[in-house]
Amino acid sequence: GAVVSQHPSWVICKSGTSVKIECRSLDFQATTMFWYRQFPKQSLMLMATSNEGSKATYEQGVEKDKFLINHASLTLSTLTVTSAHPEDSSFYICSAKLAGQETQYFGPGTRLLVL
Amino acid sequence: EDQVTQSPEALRLQEGESSSLNCSYTVSGLRGLFWYRQDPGKGPEFLFTLYSAGEEKEKERLKATLTKKESFLHITAPKPEDSATYLCAVKETSGSRLTFGEGTQLTVNP
């Protein structure tokens, strides 16, 4: 149980284009989903927290107009990197948790390369 | 501000050589401490959640313990497939976010 998927697993795009990453909880309903970014040999950095049906809460320093998050259902959240630039290249990981529980379950991650 | 420090940064063991990883934390109030395993190029895999001092949890060759200041992940008779980065994270009582440590990169040689 508690399986989280992400799609795509990797994506290469040209600078200036937008990229959408999907995060799905496959066998549970996730009232809260989280988006992280991870640079090589570093730990996870929280970008934003999203609750189903509400606007996402962004961490300090994360541009909400650049990283658009939608959490339209209890099993799906999306992260759209708008007008991507090479510095946005990174490993993006989502996580999800059930209502009333503390444990976050992570997806397999999406590798983004912006050329 | 919450702080999580993991040690050592890297650890090399021979197969069968037991050891422990440390996670020291500072929070105003602990809601939970979490251990994850992360393989290269993959998302973290959940291992354990600990809620209060004195609590212990086991899974195969792994055992996690918790005190008021730190947590240990004990690895008994490790195998090469236990090689990974082990991440510790804490959640305080007043928030929803996890604060992660920098991880311990474990390598188990056959």
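Summarised in this report is the structure supplied together with it.

**Quick look at the overall build of chain A**
Phase 1 of the analysis: Helix and strand counts for chain A come out as 0 helices and 11 strands.
Phase 2 of the analysis: Helices and strands in chain A line up, N terminus first, as β-β-β-β-β-β-β-β-β-β-β.
Phase 3 of the analysis: For chain A, whose C-alpha radius of gyration is 13 Å, the value lies close to the compact-globule estimate of 13 Å for 115 residues.
Phase 4 of the analysis: In terms of overall dimensions, chain A has C-alpha extents of about 40 × 25 × 20 Å along its principal axes.
Phase 5 of the analysis: In chain A, the proportion of contacts linking residues at least 24 apart, taken out of those at least 6 apart, comes to 54%.
Phase 6 of the analysis: Surface summary for chain A: the accessible area is close to 5,600 Å², and the carbon and sulfur share equals 53%.
Phase 7 of the analysis: On chain A, the mean spot of the 10 positive side-chain charges and the mean spot of the 9 negative ones are 5 Å from each other.

**Observations concerning the interface of chain B and chain A**
Phase 1 of the analysis: Residue-level contacts link 19 residues of chain B with 21 residues of chain A.
Phase 2 of the analysis: The junction of chain B with chain A conceals about 1,500 Å² of combined surface from both sides, 52% of it contributed by carbon and sulfur atoms.
Phase 3 of the analysis: The largest per-residue losses of area from chain B upon contact with chain A belong to B:Pro44, B:Arg97 and B:Phe100, which jointly make up 26% of the total buried on that side.
Phase 4 of the analysis: Between the two partners, chain B and chain A, sit 3 salt bridges.
Phase 5 of the analysis: Close ionic contact of B:Arg97 with A:Glu59 constitutes a salt bridge, the shortest N to O distance being 2.6 Å.
Phase 6 of the analysis: Ranked by residue count, the leading element in the side of chain B that touches chain A is strand β4 (residues 30–38) of chain B, at 4 residues.
Phase 7 of the analysis: Residues that form the side of chain B that touches chain A fall into these classes: 8 nonpolar, 6 polar and 5 charged.

**Re the state of the cysteines**
All names here are of chain A.
Phase 1 of the analysis: Across all of its chains, the model carries 2 disulfides over all chains by this definition.
Phase 2 of the analysis: Here Cys-23 engages in a disulfide with Cys-94; their sulfurs sit 2.0 Å apart. Measuring handedness by torsion sign, the sulfur bridge of Cys-23 and Cys-94 sits at about 80° and is right-handed. Highlighted residues: Cys-23 in strand β3 (residues 19–25) and Cys-94 in strand β9 (residues 90–97), separated in sequence by 71 residues. Grouping residues by exposure puts Cys-23 and Cys-94 together as buried.

**Brief notes about the nonpolar core**
Phase 1 of the analysis: Core analysis: the biggest nonpolar cluster contains 25 residues, and A:Val4, A:Trp35, A:Phe67, A:Leu79, A:Tyr92 and A:Leu112 have the highest contact counts within it.
Phase 2 of the analysis: Mapped onto this core, the elements with two or more residues apiece are β2 (10–13), β3, β4 (32–38), β5 (44–51), β7 (67–73), β8 (76–81), β9 and β11 (110–114) of chain A.
Phase 3 of the analysis: In this structure A:Val4 touches A:Cys23, A:Arg24, A:Ser25, A:Phe28, A:Cys94, A:Ala96, A:Tyr105, A:Phe106, A:Gly107 and A:Pro108, once residues within four positions along its chain are discounted.
Phase 4 of the analysis: Core analysis: the second largest hydrophobic core is formed by 22 residues, B:Val4, B:Tyr86, B:Cys88 and B:Leu106 among them.

**Considering the side chain of B:Ser71**
Residue and element names in this part refer to chain B.
Phase 1 of the analysis: As for its position among the elements, Ser-71 is in strand β8 (residues 70–75).
Phase 2 of the analysis: On the basis of relative accessible area, Ser-71 is assigned to the buried category, the value being 0%.
Phase 3 of the analysis: Reaching out from Ser-71, the side chain makes a polar contact with the side chain of Trp-35 at a distance of 2.9 Å.
Phase 4 of the analysis: In contact with Ser-71, other than residues within four places in its own chain, are Leu-21, Asn-22, Cys-23, Leu-33, Trp-35, Leu-50, Thr-65 and Leu-66.

**Digging into the layout of surface pockets**
Phase 1 of the analysis: There is about 660 Å³ of room inside the largest pocket.
Phase 2 of the analysis: Mapped by element, the contributors of at least two residues to the lining of the largest pocket are β9 (84–92) and β11 (104–109) of chain B.
Phase 3 of the analysis: Class assignment for the residues of the lining of the largest pocket results in 7 nonpolar, 12 polar and 6 charged.
Phase 4 of the analysis: What lines the second largest pocket is a set of 15 residues, among which A:Leu44, B:Arg97, B:Leu98, B:Thr99 and B:Phe100 lie closest to the centre.
Phase 5 of the analysis: Put simply, the parts of the chain that give the lining of the second largest pocket at least two residues each are β5 of chain A together with β1 (3–7) and β10 (99–100) of chain B.
Phase 6 of the analysis: At 3 residues, β5(A) tops the list of elements feeding residues into the lining of the second largest pocket.

**Some points on the sheet that holds strand β7 (residues 62–66) of chain B**
Residue and element names in this part refer to chain B.
Phase 1 of the analysis: Here 5 strands make up an open sheet; going across it, the order is β1-β3-β8-β7-β6 and the pairing antiparallel. Strand pairing shows two members of the sheet lacking a second neighbour, β1 and β6 (56–59), which therefore form its edges. In this sheet, neighbouring strand axes are inclined to one another by 15° on average, regardless of whether the strands run parallel or antiparallel.
Phase 2 of the analysis: Relative to strand β3 (residues 19–26), β1 runs antiparallel, the two being bridged by 5 bridges. Pairing of Val-4 across the sheet is with Tyr-25, part of β3.

Conventions we followed
- Residues numbered from 1 in each chain as written.
- Chains lettered and ligands numbered in written order.
- Predicted model: local features only at pLDDT ≥ 70, side-chain atom pairs only at ≥ 80, totals over all residues.
- Heavy atoms only, no water.
- Helix = DSSP H or I, 4+ residues; strand = E, 2+ residues; numbered from the N terminus.
- Rg over C-alpha atoms; globule rule 2.2 N^0.38 Å.
- Contact = heavy atoms within 4.5 Å.
- Areas by Shrake-Rupley, 256 points an atom, 1.4 Å probe, with all protein chains shown as cover.
- Lys, Arg positive; Asp, Glu negative; His and termini not counted.
- Charge placed at Lys NZ, Arg CZ, Asp CG, Glu CD.
- Buried area = accessible area lost by both parts, 1.4 Å probe.
- Salt bridge = Lys/Arg side-chain N within 4 Å of Asp/Glu carboxyl O.
- Nonpolar A, V, L, I, M, F, W, Y, C, P; charged D, E, K, R; others polar.
- Disulfide = S-S within 2.5 Å.
- Buried < 20%, exposed > 50% of the residue type's maximum accessible area, 1.4 Å probe, protein only.
- Core = buried A, V, L, I, M, F, W, Y, C linked by side-chain atoms within 4.5 Å.
- Polar contact = N/O pair within 3.5 Å; in protein donor to acceptor, adjacent residues only side chain to side chain.
- 1 Å grid on protein atoms, 1.4 Å probe; cavity = no way out; pocket = protein on both sides within 12 Å on 5 of 7 lines; lining within 4 Å.
- Points joined across faces, edges and corners; volume = space filled by probe spheres on them.
- Pairing = 2+ DSSP bridges.
- Axes fitted to C-alpha atoms, helices over the stretch in contact; angles between N-to-C directions.

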